[in-house]
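Structural features, examined
Listed below are the residues making up each chain.
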Amino acid sequence: MRQCLQCGREVSPAATHCPACGSPLEAGPQASKKGSRGVFWILAAVGCGVLVLVAVGVVAAIFIPNFLDATQKAKQKRTMSELRTLAVAIEGYRAEQGEAPPAGSIDELAALLEPEYLDPVPRIDGWQHPIRYACWTGDAFGTQSGTCDAYRLVSPGRDGVFEHEHPAEYPGEVYPLSDYDRDIVFADGFFIQHPGVPGAAGS
């Protein structure tokens, strides 16, 4: 039983008003406990939500950059693989014809290599940019009427911008693996500009 705070009369625990004086009765201890429990669970839920958001943020900060870097490395490796495949076909042509394919573009090169030496001829790199091909005689730039005794294949890298106007202008360099915007250049049987560890043996 409870007592009315106004008149002191005992009232039923279920009553909301005193039957004697009609005054409203205050919530009992049980109601108070229920209210406290509700507030506790609300605060607990909010705290858990904040912790989950923080955890998701930390995981995203670690995972997303690594994922993007892995994606770029995969495109880089695919590009180098495509250039090697093209070079094998070019060397096959040169072995039979006595010169590199006398072409001034990747499309002209494809017309000379398909389907006998390579089918299909890859025309784009891992970043979906066109591969550049050129051959020349001696020190002369561009396809000449004479024998094409030198050739180069070039990917412009992630940014799609060629560093030099003509493939013969590349001096050659090994650059950091994460420098995805740099051009990749294959010349006469080997890479002369490519990602790697500068100064390392075999670079």
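See the structure above.
Throughout what follows, the structure given in this document is the object of discussion. (Residues numbered from 1 in each chain as written. Predicted model: local features only at pLDDT ≥ 70, side-chain atom pairs only at ≥ 80, totals over all residues. Heavy atoms only, no water.)

1. Some points on the overall build of the chain
Counted only if it meets this: In DSSP terms, a helix is any run of H or I states spanning at least four residues, a strand is any run of E spanning at least two, and both are numbered starting from the N terminus. Burial classification: accessible surface area is computed with a 1.4 Å probe over protein chains only, and a residue below 20% of its type maximum counts as buried, one above 50% as exposed, and the rest as partly exposed. Accessible surface area values rest on a Shrake-Rupley calculation with a 1.4 Å probe, where residue burial reflects the displayed protein chains alone.
Along its length, the chain carries two helices and seven strands. The N-to-C order of helical and strand elements in the chain reads β-β-α-α-β-β-β-β-β. Per-residue burial over the chain gives 32% buried out of 203 residues. Carbon and sulfur atoms make up 60% of the accessible area of the chain, which totals about 11,900 Å².

2. Notes on the packing of aromatic side chains
Rules: Only the six-membered ring of Trp is used, alongside the rings of Phe and Tyr, when aromatic pairs are assigned; centres must lie within 6.5 Å, and planes under 30 degrees apart are stacked while those over 60 apart are edge-to-face, with the rest tilted. Charge-over-ring placement is defined geometrically: NZ (Lys) or CZ (Arg) within 6 Å of the ring centre, and within 35 degrees of the ring normal.
According to the stated counting rule, one finds three aromatic pairs in the structure shown. Summarising the aromatic geometry, the rings of phenylalanine 186 and phenylalanine 191 are spaced 4.8 Å apart at their centres and angled 85° between planes, so their arrangement reads as edge-to-face. Exposure class is identical for phenylalanine 186 and phenylalanine 191. Each is buried. Positioned over the ring face of phenylalanine 162 is arginine 132, at 3.7 Å from the centre of the ring.

3. Here's the deal with unusual backbone geometry
For the bond from glutamate 114 to proline 115, the omega torsion is -10°, close enough to zero to count as cis. By the element assignment, proline 115 lies in the loop between helix 2 (106-113) and strand 3 (132-136). Here the residue pair aspartate 119 and proline 120 is connected by a cis peptide bond, since its omega of 0° sits within 30 degrees of zero. Note on placement: proline 120 falls in the loop between helix 2 and strand 3. The phi torsion at glutamine 128 lies on the positive side, around 70°, for a residue other than glycine.

4. Focus: the state of the cysteines
How we decide: The disulfide criterion used throughout: a pair of cysteine sulfur atoms within 2.5 Å.
Under the criterion given, the structure shown has one disulfide. What pairs with cysteine 135 in a disulfide is cysteine 148, and their sulfur atoms sit 2.0 Å apart. Within this pair, whereas cysteine 135 is found in strand 3, its partner cysteine 148 is found in the loop between strand 3 and strand 4 (150-155), the two being separated by 13 residues in sequence. Exposure class is identical for cysteine 135 and cysteine 148. Each is buried.

5. Thoughts on the environment of alanine 70
As for its placement among the helices and strands, alanine 70 is situated in helix 1 (residues 29-97). Sequence-wise, alanine 70 and serine 178 are 108 residues apart; in three dimensions their C-alpha atoms are separated by 10.0 Å.

6. Looking at helix 2
As a reminder of what qualifies: Relevant arc is that of directions from the helix axis to the C-beta atoms, nothing else.
All of the buried residues in helix 2 are Ile106, Leu109, Ala110 and Leu113. All buried residues of helix 2 project into a common sector of 100° when viewed along the axis, lining one side.

7. A few points about the environment of alanine 111
Secondary-structure assignment places alanine 111 in helix 2. The spatial distance from the C-alpha of alanine 111 to the C-alpha of proline 101 is 9.8 Å, given a sequence separation of 10 residues.

8. Details of the pairing of strand 6 (residues 184-187)
We apply this condition: When DSSP finds at least two bridges between two strands, those strands are taken to pair.
A two-sided burial pattern is seen for strand 6, the buried positions comprising Ile184 and Phe186 on one face and Val185 and Ala187 on the other. As paired strands, strand 4 and strand 6 are joined by four bridges and run antiparallel to one another. Opposite leucine 153, over in strand 6, you have phenylalanine 186 as the bridge partner. As defined by bridge partners, strand 6 adjoins strand 7 (residues 190-196) across three bridges and the pair is classed as antiparallel. Note on strand 7: the bridge partner recorded for alanine 187 is phenylalanine 190. Counted along the chain from strand 6 to the antiparallel partner strand 7, the turn is two residues long, and its residue aspartate 188 has a positive phi close to 50°.

9. Observations concerning the sheet that holds strand 7
Rule in force here: To get an axis, a line is fitted to the C-alpha atoms, and for a helix only the part in contact is used. The angle between two axes follows their N-to-C directions and goes from 0 to 180 degrees.
Ordered in space as 3-4-6-7-5, the five strands form an open sheet in which the pairing is mixed. Bordering the open sheet on either side are strand 3 and strand 5 (173-176), each of which pairs with just one other strand. Averaged over neighbouring strand pairs, the angle between their axes works out to 20° when direction is ignored. Sheet analysis places strand 5 next to strand 7, joined by four bridges and oriented parallel. Paired with proline 176 across the strands is glycine 196, a residue of strand 7.

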